[in-house]
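So the chains spell out like this:
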Amino acid sequence: MSWRTIVISNRAKLDFKMNYMTVRNDHEITRIFINEIYMVIIESTAVSITVALLSELTKKKVKVIFCNEKRNPSSELVSYYGSHDTSVKYRNQIEWSIDIKSEVWTQIVREKVKKQSEHLRERGLEEYLLLEEYVEHIETNDKTNREGHAAKVYFNALFGKKFTRADENTTNAALNYGYSIILSAFAREIVANGYMTQLGLFHNNMFNQFNLASDLMEPFRILIDRKVVDMDLNKFELSEKLELVNVLNKSIIIDKARSNVANTISQYTKSIFDALNYNDIALIRFYRNEL
Amino acid sequence: MSYRFMRVMVLYDLPVGSSSEIRAYTQFRKFLIKNGFMMMQESVYTKLALNQTVCRNIMENVRKNKPEVGLVQMLAITEKQYSKIEIVVGEIQSTVLSTDERLVVL
């Protein structure tokens, strides 16, 4: 029943007492009940934190994200064991057949491009027609790389012909920031379900610790894209970052019920695992923006 | 899951004559704090609940951990009703974060 996202952005000392996380700032103390916490983002490097608190947060499956001196997310806390039966879950995960993995991945890619297309249509951008066509032509495992082509069309439509994701500008900084928050939310869910984040469906970069999370998060990137387009990005500072973190509290629809993004991620992730374990892609539940 | 925030309020008066009574009192108070109750004022504790189901569970948990003697009363109200509380004299002295904010910046 965790629902609070705590951002520590000033100098502080964090410790643990009587099931509360205590935050000592320069002149005030705040205590937060640990069961209510969903995620802690440590935004400043001038924070000290006790191991007692870290171990307690791990036990409660709270995601902790640490930021670097530029206040960008740089690492996170991942527990070894997220559930009582991780051994059997790991074994299942290794044994997922290539067939079902590619089927699930195809569904995810299709959903992502579909969401990109919907986003463009809402903004009255003609390119959505091209993306709809791509959705039709996605083959198993996306052999023809429709995803990559779609991304190019999509970002150029949103941010102009000259835009590429490799540039260094506030738009990309904002996108990267938002994506890493979503990625962490997925890593949390995967570990909480007892699986490994390293073994992906499609992503298998040997240097990426979060291959599986990178796979699953794809359709949720669009939520960040929407926010970034809506924001006026003359600067990218604390208030803009908080707006992106707050995307986790936005209300969307899954399984005909309204829920926030954090809960939706949890339901969606579980449905993907069901699909993989029972060999049935019909079990996958995607989110929608409106009824 | 839908969010319809509620508040559970626990009010108690416990005897503290003998050492076993003091122990029972401390145990009950610690139980409340460890389960996320915050002190509104002495002998009055409240806890935020996400919705009615969670609220019922919290109340059941208090019943299970009740002291043997003394007076303990419990009341569930909505967060909206709770927020309308009027402070007639004095000020709230609590360091516990007890609002229903989702995003908290410290």
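Keep in mind the model is a prediction, meaning the values are calculated, not measured. (Residues numbered from 1 in each chain as written. Chains lettered and ligands numbered in written order. Predicted model: local features only at pLDDT ≥ 70, side-chain atom pairs only at ≥ 80, totals over all residues. Heavy atoms only, no water.)

Let us look at the environment of B:V44. Residue and element names in this part refer to chain B. Within the secondary structure layout, V44 lies in strand β3 (residues 44–49). When the C-alpha positions of V44 and M9 are compared, they lie 7.1 Å apart, and in sequence the two are 35 residues distant. In this view, V44 contacts M9, V10, L11, M38 and M39; residues no more than four positions away in its chain are not counted. (Helix = DSSP H or I, 4+ residues; strand = E, 2+ residues; numbered from the N terminus. Contact = heavy atoms within 4.5 Å.)

Turning our eyes to something else, we now look at empty space enclosed by the protein. Residues and elements named next belong to chain A. What the rule picks out here adds up to 4 cavities of 30 Å³ or more. What lines the largest cavity is T58, K61, V62, K63, L77, V78, S79, R188, V191 and A192. The leading source of residues in the lining of the largest cavity is helix α6 (residues 170–192), at 3 residues. When its residues are assigned to classes, the lining of the largest cavity shows 5 nonpolar, 2 polar and 3 charged. (1 Å grid on protein atoms, 1.4 Å probe; cavity = no way out; pocket = protein on both sides within 12 Å on 5 of 7 lines; lining within 4 Å. Points joined across faces, edges and corners; volume = space filled by probe spheres on them. Nonpolar A, V, L, I, M, F, W, Y, C, P; charged D, E, K, R; others polar.)

With that settled, the discussion passes to the packing of α6(A) against helix α8 (residues 221–230) of chain A. Two packed helices can be described by the angle between their axes and the distance between those axes. Residue and element names in this part refer to chain A. It is the contact of α6 with α8, at a shortest axis distance of 9 Å, that shows an interaxial angle of 145°. Relative to α8, α6 is oriented so that their crossing is right-handed. Along its contact with α6, which presents T171, A174, L175, G178, Y179 and I182, the element α8 presents R221, I224, D225 and V228. The residue inventory of the contact of α6 with α8, partitioned by class, reads 6 nonpolar, 2 polar and 2 charged. (Axes fitted to C-alpha atoms, helices over the stretch in contact; angles between N-to-C directions. Left-handed = near helix turned anticlockwise from the far one by under 90°.)

Let us now look at unusual backbone geometry. Its identity is not glycine, yet A:N279 carries a phi of approximately 55°, on the positive side. Judged by relative accessible area, which is 53%, A:N279 ranks as exposed. (Buried < 20%, exposed > 50% of the residue type's maximum accessible area, 1.4 Å probe, protein only.)

Once that is clear, we can look at the sheet that holds strand β8 (residues 73–76) of chain A. Strand order in the open sheet formed by 5 strands is β8(A)-β7(A)-β5(A)-β1(A)-β5(B), and the pairing between neighbours is mixed. The sheet is open, and its two edges are formed by β8 of chain A together with β5 (103–105) of chain B, each paired on a single side. Within this sheet the neighbouring strands show an average axis-to-axis angle of 20°, counted without direction. Strand direction decides the pairing type here: strand β1 (residues 4–8) of chain A and strand β5 (residues 37–42) of chain A, joined by 5 bridges, are parallel. What sits directly across from A:R4, in β5(A), is A:I37. Those strands touched by helix α9 (residues 238–245) of chain A are β1 and β5 of chain A together with β5 of chain B, and its axis lies near 155° from that of β5(B). (Pairing = 2+ DSSP bridges.)

Residue and element names in this part refer to chain A. One ladder, built from 4 bridges, connects strand β9 (residues 251–254) with strand β10 (residues 257–260); its direction is antiparallel. Paired with I253 across the strands is R258, a residue of β10. Linking two consecutive strands that pair antiparallel, namely β9 and β10, is a turn of 2 residues; a positive phi of about 55° is found at D255 within it. The pairing of β9 with strand β11 (residues 287–288) spans 2 bridges and is classified as antiparallel. Residue I254 lies in a different strand from β11, and its bridge partner there is Y287.

Glancing now at the nonpolar core. Soluble globular proteins tend to pack their nonpolar side chains together in the buried interior. Ranked by internal contacts, the top residues of the largest apolar core, which has 71 residues, are A:V104, A:F186, A:L216, A:F220 and A:Y268. Counting the residues that make up this core, at least three belong to each of domain 1 (4–77) and domain 2 (85–289) of chain A. Those residues in contact with A:V104 that lie beyond four places of it in its chain are A:L201, A:I272, A:A275, A:L276, A:I281 and A:I284. Listed in part, the 29 residues of the second largest apolar core include A:Y20, B:L14, B:F28 and B:M38. (Core = buried A, V, L, I, M, F, W, Y, C linked by side-chain atoms within 4.5 Å. Domains from an automatic or database assignment.)

Residues and elements named next belong to chain A. If you trace the 4 strands from one edge of the open sheet to the other, you get β4-β3-β2-β6, paired in mixed fashion. Looking at the sheet topology across the chains shown, the edges are occupied by β4 (29–33) and β6 (47–49). Taking each pair of neighbouring strands and ignoring which way they run, the sheet shows an average axis angle of 20°. Sheet analysis places strand β2 (residues 12–17) next to β6, joined by 3 bridges and oriented parallel. Bridge assignment links L14 to a residue of β6, and that residue is I49. In this fold helix α1 (residues 51–59) packs onto β2, β3 (20–24) and β6, with an angle of close to 65° to the strand it touches most, β2.

All names here are of chain A. Under the definition given, this model contains 22 salt bridges over all chains. With its nearest N and O atoms 3.0 Å apart, the salt bridge here joins E36 to R4. Within this pair, whereas E36 is found in the loop between β4 and β5, its partner R4 is found in strand β1, the two being separated by 32 residues in sequence. The class of E36 is buried, set by a relative accessible area of 8%. (Salt bridge = Lys/Arg side-chain N within 4 Å of Asp/Glu carboxyl O.)

This paragraph deals with the UniProt feature "binding site: Mg(2+)" (unreviewed entry) in chain B. All names here are of chain B. Residues annotated by UniProt as "binding site: Mg(2+)" (unreviewed entry) correspond here to D13. Tracing the backbone shows D13 in strand β1 (residues 6–13). Judged by relative accessible area, which is 53%, D13 ranks as exposed. Once residues within four sequence positions are removed from consideration, D13 is found in contact with G70 and L71. (UniProt positions renumbered as here; feature names shortened; annotations may be inferred.)

Moving on, we come to the layout of surface pockets. Gaps between atoms show up when a probe of the same size as a water molecule is rolled over them. Residues and elements named next belong to chain B. Put simply, the second largest pocket is a space of about 440 Å³. Lining the second largest pocket are 20 residues, with M40, Y82, I85, I87 and I92 sitting closest to its centre. Mapped by element, the contributors of at least two residues to the lining of the second largest pocket are β2 (38–41) and α3 (79–83). Ranked by residues supplied to the lining of the second largest pocket, first place goes to β2 with 4 residues. Of the residues that constitute the lining of the second largest pocket, the class distribution is 9 nonpolar, 7 polar and 4 charged.

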